[in-house]
Amino acid sequence: MEVGPKGVIEAYPHRNKESRGFFISFEGTESSGKTTQAKQLRDWLESQGFSVILTREPGGTPLGEEIRSFLLDHSNGEICPLTEAYLFAAARAQLVMTIIRPALEAGTTVICDRYIDSSLAYQGYGLGVSLATIWKVNEPAIDLAMPDLTFLLGSGALLQSAMKKEPEDRIEARDSGFHQRVRAGYVRLMKRFPQRIVWVDTRRGVAPTACDIQRKVAGLINL
């Protein structure tokens, strides 16, 4: 399902007006460099005098980390796609309610390594759960806490896999068809939400990529 019912995916919210802090997320396939760049951005913003929280999904809270361990454990085999979507949403709700929402309301900048776009790409496009269902499950979980800016990272063509190592977890170990659908899903999300999702080619290396990201963020926060 490409889009949800009228008012669901089309009305994808941008920013909760009550938020005082900025919210930035990083997305991409495995080994895309997003975790490294999220840390680089945190360090740069802190050097500019900003209060920053860096977190990740799934995880970021004690409960979220327990859910993460379960979801990524090879021994759990194939979990029902809908069950997987609900587990990611549960970890997200805990993170939003206890970390992200309070930080934004306090004026702190939040950087998150993966967020709801991962659910749309992995459980939606990758596993076939309808986007409308994923949104319905996640709408109360995110409590209107949507990123102001999302960086989608990859090396070269987005449809080219960035994975060059043995899979480390249950999701990485899925077949190439799954990962191709995920990458194609990210392309669709980027085209659907170009005002929020920015493609960043990481082929030039860590430092030049970090500079590109910093310029985009500087424009967002008027530095």
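Anyway, here's the lowdown on the structure attached to this text. In this numbering scheme, every chain counts its residues from 1 along its sequence in written order. Thresholds applied to this predicted model are a pLDDT of at least 70 for local features of residues and 80 or more for the giving and counting of side-chain atom pairs; totals over whole chains, interfaces and linings are not thresholded and use all residues. Remark: hydrogens and water are excluded; side-chain values derive from all non-hydrogen atoms of the structure.

**Considerations on the overall build of the protein**
Then step 1. Of the regular secondary structure elements, the protein holds 7 helices and 5 strands.
Then step 2. A run of H or I in DSSP counts as a helix once it spans at least four residues, and a run of E counts as a strand once it spans at least two, with each numbered from the N terminus. If you list the helices and strands of the protein from N to C, you get β-α-β-α-α-β-α-α-β-α-β-α.
Then step 3. Each of the 223 residues in the protein was classed as buried or not, and the buried ones make up 51%.
Then step 4. By definition in these notes, contact holds between two residues if any of their heavy atoms fall within 4.5 Å. In the protein, the share of contacts with a sequence separation of at least 24, taken over all contacts with a separation of at least 6, comes to 80%.
Then step 5. Summed over all atoms, the accessible surface of the protein reaches about 10,200 Å², with 54% contributed by carbon and sulfur. Any residue under 20% of the maximum accessible area for its type is buried, any over 50% is exposed, and the rest in between are partly exposed; the area is computed with a 1.4 Å probe on protein chains only. The Shrake-Rupley method, run with a 1.4 Å probe sphere, supplies the accessible areas, and residue values consider only the shown protein chains as cover.

**Comments concerning the environment of Glu 46**
Then step 1. Along the chain, the position of Glu 46 falls in helix H1 (residues 34-47).
Then step 2. A C-alpha to C-alpha distance of 9.7 Å links Glu 46 and Thr 109, two positions 63 residues apart in sequence.

**Some points on the nonpolar core**
Then step 1. As used here, the term nonpolar core means buried Ala, Val, Leu, Ile, Met, Phe, Trp, Tyr and Cys residues forming a set that is joined through side-chain atoms within 4.5 Å. Core analysis: the largest hydrophobic core is formed by 21 residues, its most contacted members being Ala 121, Tyr 122, Val 182, Tyr 186, Leu 189 and Ile 197.
Then step 2. Of all the secondary structure elements, the ones that give two or more residues to this core are helix H2 (62-72), helix H3 (81-105), helix H4 (116-126), helix H5 (131-142) and helix H6 (176-192).
Then step 3. The leading source of residues in this core is H6, at 5 residues.
Then step 4. In this structure, Ala 121 is in contact with Gly 126, Val 182, Tyr 186 and Leu 189, ignoring residues within four places of it in sequence.
Then step 5. Counting residues in hydrophobic clusters, the runner-up holds 17 residues, among them Ile 24, Leu 41, Trp 44 and Leu 153.

**Description of unusual backbone geometry**
When glycine is set aside, most residues are seen to have a negative phi, and most peptide bonds are trans.
Then step 1. Along the chain, Glu 57 connects to Pro 58 via a cis peptide bond; the corresponding omega equals -15 degrees.
Then step 2. Take Pro 58: it is sitting in the loop between strand E2 (52-56) and H2.
Then step 3. Positive phi values are uncommon outside glycine, yet Arg 114 reaches one of about 85 degrees.
Then step 4. Classification of Arg 114 as buried rests on a relative accessible area of 11%.
Then step 5. One non-glycine residue with positive phi stands out, namely Asp 143, at about 50 degrees.
Then step 6. Checked against the element boundaries, Asp 143 lands in the loop between H5 and strand E4 (149-154).
Then step 7. On the basis of relative accessibility, which here comes to 34%, the residue Asp 143 falls in the partly exposed class.

**Description of the pattern of salt bridges**
Then step 1. By definition, a salt bridge exists where a carboxyl oxygen of Asp or Glu is found within 4 Å of a side-chain nitrogen of Lys or Arg. Applying the stated criterion across every chain, the model contains 14 salt bridges.
Then step 2. The residue Asp 113 makes a salt bridge to Lys 34 at a minimum N-O spacing of 2.7 Å. Here the residue Asp 113 occupies a position in strand E3 (residues 109-113), and Lys 34 occupies one in helix H1, the gap between them amounting to 79 residues. Lys 34 matches Asp 113 in its accessibility class, with the two residues each being buried.
Then step 3. Taking the shortest distance from any N to any O, the salt bridge between Asp 201 and Arg 203 comes out at 2.7 Å.
Then step 4. By sharing partners, the salt bridges in this structure join Glu 78, Glu 84, Arg 170 and Arg 174 into a single network.

**Points about H6**
Then step 1. In a regular helix each residue adds 1.5 Å, so 17 residues correspond to 24 Å; H6 covers 24 Å between its end C-alpha atoms and thus fits that length.
Then step 2. Among all positions in H6, only Phe 178, His 179, Val 182, Arg 183, Gly 185, Tyr 186, Val 187, Leu 189 and Met 190 are buried.
Then step 3. Tucked into the core, H6 has its buried residues touching strand E1 (23-28), H4, E4 and strand E5 (197-201).
Then step 4. For H6, the N-terminal capping position is held by Asp 175, with its side-chain oxygen 3.1 Å away from the main-chain nitrogen of Gly 177. Multiplying 1.5 Å by the residue count of a helix minus one yields the expected span of that helix. Contacts described as polar in this section are N or O atom pairs within 3.5 Å, which, within protein, must combine one atom able to donate a hydrogen with one able to accept it, while residues neighboring in sequence count only if both atoms come from side chains.

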